[in-house]
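# Reading the structure
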Amino acid sequence: MAGLDYREHVKTFRCKRCARTQRILSRNSIGQGDLAWYYALDEITFQGLSSNMRTPILVLDKLRRGSRVFSYTEELEFRKEGQPLPMIEIDVCCICDGCLTLGEVKTSNRIEGGGKKEAKSLGKYREAANLLGARRFILATSATWSSQTKENALAAFTDLGIAVEFMERIDPLSVEAT
């Protein structure tokens, strides 16, 4: 195999990310005389990381580790009949030991910046949780929740018997290995 040059056999490749066919040229060797292989993240991983999936994944993992039986689905949009736009998008939708759990994940300390928008958003989460029969609502953030956001969330769910839990400082660099 010594002296075998793959360029004699492979002249082009199709990029999995952009789907373009590209030629293998020495000028594309990123500063090295011989071509070297460079690897990129799988497209789903690339898109997830660029869309800030780290915190929701860490929240789901924390819930999974605390459950004997765990099932989840990715982010969901809920729509009201006849409405073209979603009523709400929910970051966390899982079943932990038989308990339907919904949740919202942020990197900030407020929902929708706080105030009336926060109250309206919490009202939509309340409606979705009630309609779906959820028994737990999670608010998770990589920051620390504002005390007002915590009060608003507790008030929004208080009369439904839906437990509200807060997760804070969800940090990918401090996650324990399982």
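Below: a short report on this structure. (Residues numbered from 1 in each chain as written. Predicted model: local features only at pLDDT ≥ 70, side-chain atom pairs only at ≥ 80, totals over all residues. Heavy atoms only, no water.)

Bringing the sheet that holds strand E3 (residues 70-73) into the picture now. Strand order in this open sheet of five strands is E3-E6-E7-E8-E9, and the pairing throughout is mixed. At either margin of the open sheet sits one strand with a lone partner, and together these are E3 and strand E9 (163-167). Each strand axis lies, on average, 25° off the axis of its neighbour in the sheet, ignoring direction. Across five bridges, strand E8 (residues 136-141) lies against E9 in parallel orientation. Paired with Phe137 across the two strands is Val164, which belongs to E9. With respect to the sheet, helix H2 (residues 54-65) is in contact with E3, strand E6 (92-96), strand E7 (99-106), E8 and E9, its orientation differing from that of E6 by roughly 10°. Helix H4 (residues 147-157) rests against E8 and E9 of the sheet, and its axis sits at about 160° to E9. (Pairing = 2+ DSSP bridges. Helix = DSSP H or I, 4+ residues; strand = E, 2+ residues; numbered from the N terminus. Axes fitted to C-alpha atoms, helices over the stretch in contact; angles between N-to-C directions. Contact = heavy atoms within 4.5 Å.)

Along E6, four of the five residues are buried, which leaves the element largely enclosed by surrounding structure. Sheet topology places E3 next to E6; four bridges connect them, and they run antiparallel. When the sheet's bridge partners are listed, Phe70 is paired in E6 with Cys96. Once E6 ends, the chain turns through two residues before running back antiparallel as E7, passing Asp97 with a positive phi of about 50°. (Buried < 20%, exposed > 50% of the residue type's maximum accessible area, 1.4 Å probe, protein only.)

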